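Secondary and tertiary structure notes
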Amino acid sequence: MMRNSARKLAAVASCIVVTVGGLTTGAVTANAAPQERSIPEAAAAACVSTQYVKPAGNFNYPAYFPGGRWLIASRSCGGIWLHPSSNRYVKVCLGYSDGVQCPSSYTYARANTWTKLASDVQYATRYKFQFQTDGRSSGWHHG
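In short, a report on the structure.

The rules we used
- Residues numbered from 1 in each chain as written.
- Predicted model: local features only at pLDDT ≥ 70, side-chain atom pairs only at ≥ 80, totals over all residues.
- Heavy atoms only, no water.
- Helix = DSSP H or I, 4+ residues; strand = E, 2+ residues; numbered from the N terminus.
- Buried < 20%, exposed > 50% of the residue type's maximum accessible area, 1.4 Å probe, protein only.
- Contact = heavy atoms within 4.5 Å.
- Areas by Shrake-Rupley, 256 points an atom, 1.4 Å probe, with all protein chains shown as cover.
- Disulfide = S-S within 2.5 Å.
- Pairing = 2+ DSSP bridges.
- Axes fitted to C-alpha atoms, helices over the stretch in contact; angles between N-to-C directions.
- Lys, Arg positive; Asp, Glu negative; His and termini not counted.
- Salt bridge = Lys/Arg side-chain N within 4 Å of Asp/Glu carboxyl O.
- Polar contact = N/O pair within 3.5 Å; in protein donor to acceptor, adjacent residues only side chain to side chain.
- Core = buried A, V, L, I, M, F, W, Y, C linked by side-chain atoms within 4.5 Å.

**Observations concerning the overall build of the protein chain**
- Along the backbone of the protein chain there are two helices and ten strands.
- Seen in sequence order, the protein chain has helices and strands lined up from the N terminus as α-α-β-β-β-β-β-β-β-β-β-β.
- A burial count over the protein chain gives 36% of its 143 residues as buried.
- For the protein chain, restricting intrachain contacts to residue pairs at least 6 apart in sequence, the fraction spanning at least 24 positions comes to 77%.
- Within the structure as shown, the protein chain displays about 8,300 Å² of accessible surface, and the carbon and sulfur contribution to it stands at 56%.

Here's what the structure looks like:
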């Protein structure tokens, strides 16, 4: 009986280490070829994750583009990150006083993995996510 409990505890502990390790290591480049990415430890400490839900029938989060509500970049997040619950092609558009800048191509964001969509975003820069399809999407973001 003690042996079974020890094995179960070891299995749970290894799962926790793998999960935490997957969230805190790795390097990322914006608009890189599809690959698995994870948020670096330094960015994770400085960022607050916020849950999002983009309803079906809309390509943008938050809704409406270029008008409507915008998300605001934080002081020390090191970029804009997305962690969708399903695979998505997405780009991040940045809003400035003189207009909006969107990359020409979409980045593949793998389900349940942090993907960096923009680097070196200045504090208080407005941004929106633009998805390639209008299907429902949910997950987490920070920036």
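**A closer look at the pairing of strand β4 (residues 80–84)**
- Within β4, five of the five residues are buried, leaving the element largely enclosed by the surrounding structure.
- Side chains I80, L82 and P84 of β4 all project onto a buried face; the interleaved residues W81 and H83 project onto the opposite face, where all are buried too.

**Brief notes about the state of the cysteines**
- The full count for this structure, using the stated rule, is one disulfide.
- At a sulfur-sulfur separation of 2.1 Å, the disulfide partner of C93 is C102. With the S-S dihedral at roughly 120°, the linkage between C93 and C102 falls on the right-handed side.
- On the basis of relative accessible area, C93 is assigned to the buried category, the value being 0%.
- By relative accessible area, C102 is classed as partly exposed at 33%.

**Things to note about the sheet that holds strand β1 (residues 50–54)**
- Here four strands make up an open sheet; going across it, the order is β1-β10-β4-β8 and the pairing antiparallel. Unpaired on one side and paired on the other, β1 and β8 (115–118) mark the two borders of the sheet. Shown here is a sheet whose adjacent strand axes are inclined to one another by a mean of 35°, direction ignored.

**Focus on the environment of I80**
- Here I80 shows up in strand β4.
- When residues no more than four places from it in sequence are discounted, the contact partners of I80 are V92, L94, T115, K116, L117, A118, V121, Y127, F129, H142 and G143.

**What about the side chain of K54?**
- Mapped onto the elements, K54 comes out in strand β1.
- Of the buried charged residues, K54 lacks a salt bridge, with D134 as the closest side chain of opposite charge at 6.4 Å.
- Within polar-contact distance, the side chain of K54 engages the backbone oxygen of G135 at 2.5 Å.
- If sequence neighbours within four positions are ignored, K54 has contacts with F59, N60, Y61, F131, T133, D134, G135, R136 and S137.

**As for the nonpolar core**
- Formed by 16 residues in total, the largest nonpolar core has its most connected members in I80, L82, V90, V92, Y127, F129 and F131.
- Of all the secondary-structure elements, those providing two or more residues to this core are β4, β5 (88–96), β8 and β9 (126–131).

**Some thoughts on unusual backbone geometry**
- Omega for the bond connecting Y61 with P62 falls within 30 degrees of zero, at -10°, which places this linkage in the cis form.
- Take P62: it is sitting in the loop between β2 (60–61) and β3 (71–72).
- With omega at 5°, the peptide bond leading from F65 into P66 counts as cis.
- Positioned with a positive phi, D120 is a non-glycine residue whose angle comes to about 50°.
- With respect to the secondary-structure elements, D120 resides in the loop between β8 and β9.
- Since its relative accessible area comes to 74%, D120 is described here as exposed.
- A positive phi angle, near 75°, is found at A124, a position not held by glycine.
- Tracing the sequence through the fold places A124 in the loop between β8 and β9.
- For A124, a relative accessible area of 40% corresponds to the partly exposed category.

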